Amino acid sequence: MEHIVIIGNGISGVTAARHIRKLSDKRITIISAETEYFFSRTALMYIYMGHMKFQHTQPYENWFWKKNRIELKKGFVSQVKDASKELVFANGETMKYDKLIIATGSKPNKFGWPGQDLDGVMGMYHKQDLENLEKYAPNNKVCNRAVIVGGGLIGIELAEMLQSRDIPVTFLVRESSFWNGVLPAGESEMINQHIKEHHIDLRLGVNLQEIKADENGKVKSIIIKETGEEIPCTVVGLTAGVSPNVDFLKDSNIEIGRGVKVNRRLETNIPDIYAIGDCAEQHEAIGNRRPIEAVWYTGRMMGETLAQTLCGNPRDYNPGHWFNSAKFLDIEYQTYGWVFGERGRPEYEQHFHWKHPKKHLCITIAFHKETKQFLGINTFGIRMRHHSFDTWLNEKRSVEYVLEHLADANFDPEFYRQYEKEIVAQFNNEHQTSIKPKKRSWKRIFSY
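Small disclaimer: the values here were computed from a predicted structure and weren't measured. (Residues numbered from 1 in each chain as written. Predicted model: local features only at pLDDT ≥ 70, side-chain atom pairs only at ≥ 80, totals over all residues. Heavy atoms only, no water.)

Trainee: Please explain the overall build of the protein as it appears in this structure.
Mentor: A tally of helices and strands in the protein yields twelve helices and 25 strands. In terms of overall dimensions, the protein is globule-like: its C-alpha atoms have a radius of gyration of 24 Å, near the 22 Å expected for 448 residues. Projected onto the principal axes, the alpha-carbon positions of the protein cover approximately 70 × 60 × 40 Å. Taking all 448 residues of the protein together, 53% fall into the buried category. Sequence separation of at least 24 residues holds for 60% of the intrachain contacts in the protein that already meet a minimum separation of 6. Looking at the protein as shown, the accessible area adds up to about 21,100 Å², and 47% of this sits on carbon and sulfur atoms. On the protein, the mean spot of the 59 positive side-chain charges and the mean spot of the 56 negative ones are 4 Å from each other. (Helix = DSSP H or I, 4+ residues; strand = E, 2+ residues; numbered from the N terminus. Rg over C-alpha atoms; globule rule 2.2 N^0.38 Å. Buried < 20%, exposed > 50% of the residue type's maximum accessible area, 1.4 Å probe, protein only. Contact = heavy atoms within 4.5 Å. Areas by Shrake-Rupley, 256 points an atom, 1.4 Å probe, with all protein chains shown as cover. Lys, Arg positive; Asp, Glu negative; His and termini not counted. Charge placed at Lys NZ, Arg CZ, Asp CG, Glu CD.)

Following this line, the structure appears as structure tokens:
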């Protein structure tokens, strides 16, 4: 029986295993050094905040794996011997495979800062990070202040976690405005204000110089590079992005860039070895996407795609239109299609930005300057229907069409205030158009 071995039990590896089992009777083994069972990594913050327990983050009961004949192996793979199709574990054990899937995910970036390996320094990606946070920041008596280094989604989540236990937070962001490499200016400024309103000490345009230790080798303070200011703290969260977790492959014959190099079939340069998820790097980026995408849903899609290929139905990986969602403290964020920030915005891309005069609600719509084709939308505080925008992007609708039918995309609960009239009125005023917003039509919605 063909033996498929998967290194990594995150969303990518587990999705591949589940779909291979649906499609075949192949022997499947999942290897993980982090946890015995699969859990939802994005839910770690809610454990610390008291909303969930760890067992609530496990989508499958413990019996699920045996019932579905998916073998689980706890261990750290230290070497891949592709010539003999053999894995070597850190404890000296070995395991044979017929086909190998590398799904080892990411690890927090470190940039050689002095003190970056001290006790009390951590990322927020693995279960072990959560355990360290409980150890070093159980309350504001043990942790008198935490410093978070690096903006972005993980950084803002960690800030929210610490605030839930009344731990003061200083946030170091090297950009001049929060996440302005991704968000347009108006949105980035709104998030700056929102962070400050939550009494987080946001420091923009600064870098970490070093982390200083006390006499016991624990964090006692950080130094800001630009000013030399020393900020006393007992926890430092490193959230300046993530990198593919591929160090164990550096002595193998598998081609590596930043991640494991793969083609559209998710194949490496070595026959019968594949890579999926955060650790996979496309030889050529797909459209406007990055060659490496550390995103939950793309990892799941890669797992489904590769399962089809391994079970005799070869498929190219095609993630479709870009989308993502997150939360900035109390503000829900969604993006569909492409809305570029200041960095990398193409010349043809024009933005329409609407913001509520009093509330933290806004949208930014991107469209082509000449053709008026709808390119993408960011929404903050207004829930939108993914399928509507996916359809309009596929149909290459105009920005006028999208605004006319914007109510069809609104996914806010019943009795929530609707803002389509105000949004369209501002667009008409700025662009000398006469768009009339249509009322929501369930017939149209179900036809998309």
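Trainee: Got a minute to help me understand the pattern of salt bridges in this structure?
Mentor: It is possible for side chains of opposite charge to pair when their charged atoms get near one another. Tallying each qualifying case throughout the model produces 26 salt bridges. Among the ionic pairs, D25 bridges to R69, the shortest N-O distance being 3.5 Å. Here the residue D25 occupies a position in the loop between helix 1 (11–23) and strand 2 (27–32), and R69 occupies one in the loop between helix 3 (63–67) and strand 3 (70–74), the gap between them amounting to 44 residues. Note on R69: relative accessible area 45%, which makes it partly exposed. Each of the salt bridges in this network shares a partner with another, and the network as a whole consists of E2, K26, K85, K99 and D272. (Salt bridge = Lys/Arg side-chain N within 4 Å of Asp/Glu carboxyl O.)

Trainee: Explain the sheet that holds strand 4 (residues 77–81) here, please?
Mentor: Pairing between the strands of a sheet comes from backbone hydrogen bonds, and it takes one of two forms, parallel or antiparallel. Spatial strand order, 4-5-6: three strands in an open sheet with antiparallel pairing. Lying at the two open borders of the sheet, with one neighbouring strand each, are strand 4 and strand 6 (94–96). Going across the sheet, the axis of each strand differs from the next one's by a mean of 20 degrees, ignoring polarity. In this structure, strand 5 (residues 86–89) lies alongside strand 6, joined through three bridges in antiparallel fashion. Its bridge partner being in strand 6, L87 is matched across the sheet by M95. (Pairing = 2+ DSSP bridges. Axes fitted to C-alpha atoms, helices over the stretch in contact; angles between N-to-C directions.)

Trainee: Would you mind showing me how to read the nonpolar core here?
Mentor: Inside soluble globular proteins, nonpolar side chains tend to come together where they are buried. Membership of the largest hydrophobic core comes to 77 residues, with the highest contact counts inside it found for V80, I102 and F389. Ranked by residues supplied to this core, first place goes to helix 7 (residues 296–310) with six residues. Among residues more than four places away in sequence, those in contact with F389 are Y336, F374, I377, M384, V402, L406 and A409. Within the second largest apolar cluster, 40 residues are counted, among which are I47, I191, F328 and L329. (Core = buried A, V, L, I, M, F, W, Y, C linked by side-chain atoms within 4.5 Å.)

Trainee: Please explain the pairing of strand 4 as it appears in this structure.
Mentor: For a regular strand, side-chain orientation follows a simple rule: the groups alternate between the two sheet faces. Here strand 4 pairs with strand 5 via four bridges, running antiparallel. Each bridged residue has a counterpart across the sheet, and for Q79 the counterpart in strand 5 is V88. Where strand 4 folds back onto strand 5 in an antiparallel hairpin, the turn is made up of four residues, including K85, whose phi is positive at roughly 50 degrees.

Trainee: Sorry, what's going on with the side chain of D82 here?
Mentor: Locating D82 in the fold gives a position in the loop between strand 4 and strand 5. Summary of buried charges: D82 has no salt-bridge partner, and the nearest side chain of opposite charge, K85, is 9.6 Å away. A polar side-chain atom of D82 sits 3.0 Å from a polar atom in the side chain of N253. Residue contacts for D82: discarding those within four places in its chain leaves Y97, N253, I270 and I273. (Polar contact = N/O pair within 3.5 Å; in protein donor to acceptor, adjacent residues only side chain to side chain.)

Trainee: Whenever I open this one, the packing of aromatic side chains confuses me. Can you help?
Mentor: Aromatic ring pairs are reported here in terms of the distance separating the ring centres and the angle at which the planes meet. Counted under the stated rule, the structure contains 25 aromatic pairs. Taking 6.2 Å as the distance between ring centres and 50 degrees as the angle between the ring planes, the aromatic pair formed by Y297 and W322 counts as tilted. Of this pair, Y297 sits in helix 7 while W322 sits in the loop between helix 7 and strand 21 (323–328), placing them 25 residues apart in sequence. Using a relative accessible area of 4% as the deciding quantity, one classes Y297 as buried. With relative accessibility at 16%, the residue W322 sits in the buried group. Cation over ring: R41 sits above Y125, and NZ or CZ is 4.6 Å from the ring centre. A cation over an aromatic ring shows up here: K127 above the ring of F54, its NZ or CZ 4.8 Å from the ring centre. (Phe/Tyr/Trp six-rings, centres within 6.5 Å; stacked < 30°, edge-to-face > 60°. Lys NZ or Arg CZ within 6 Å of the ring centre and 35° of its normal.)

Trainee: Teacher, can you tell me more about helix 11 (residues 420–431) here?
Mentor: Since the α-helix turns once every 3.6 residues, residues separated by three or four places project in the same direction. Spanning twelve residues, helix 11 covers 16 Å between terminal C-alpha atoms, matching the ideal 16 Å at 1.5 Å per step. Every buried residue of helix 11 is accounted for by E420, I423, V424, F427 and N428. Buried residues of helix 11, viewed axially, fall in a sector of 130 degrees; they line one side. Facing away from the buried side of helix 11 by over 90 degrees, the exposed positions are K421 and N429. The secondary structure elements touched by the buried residues of helix 11 are strand 23 (349–355), strand 24 (362–368), helix 9 (399–404) and helix 10 (406–409). Two residues or fewer after helix 11 comes Q432, characterised by a positive phi angle close to 55 degrees. (Expected span 1.5 Å × (residues − 1). Arc of directions from axis to C-beta.)

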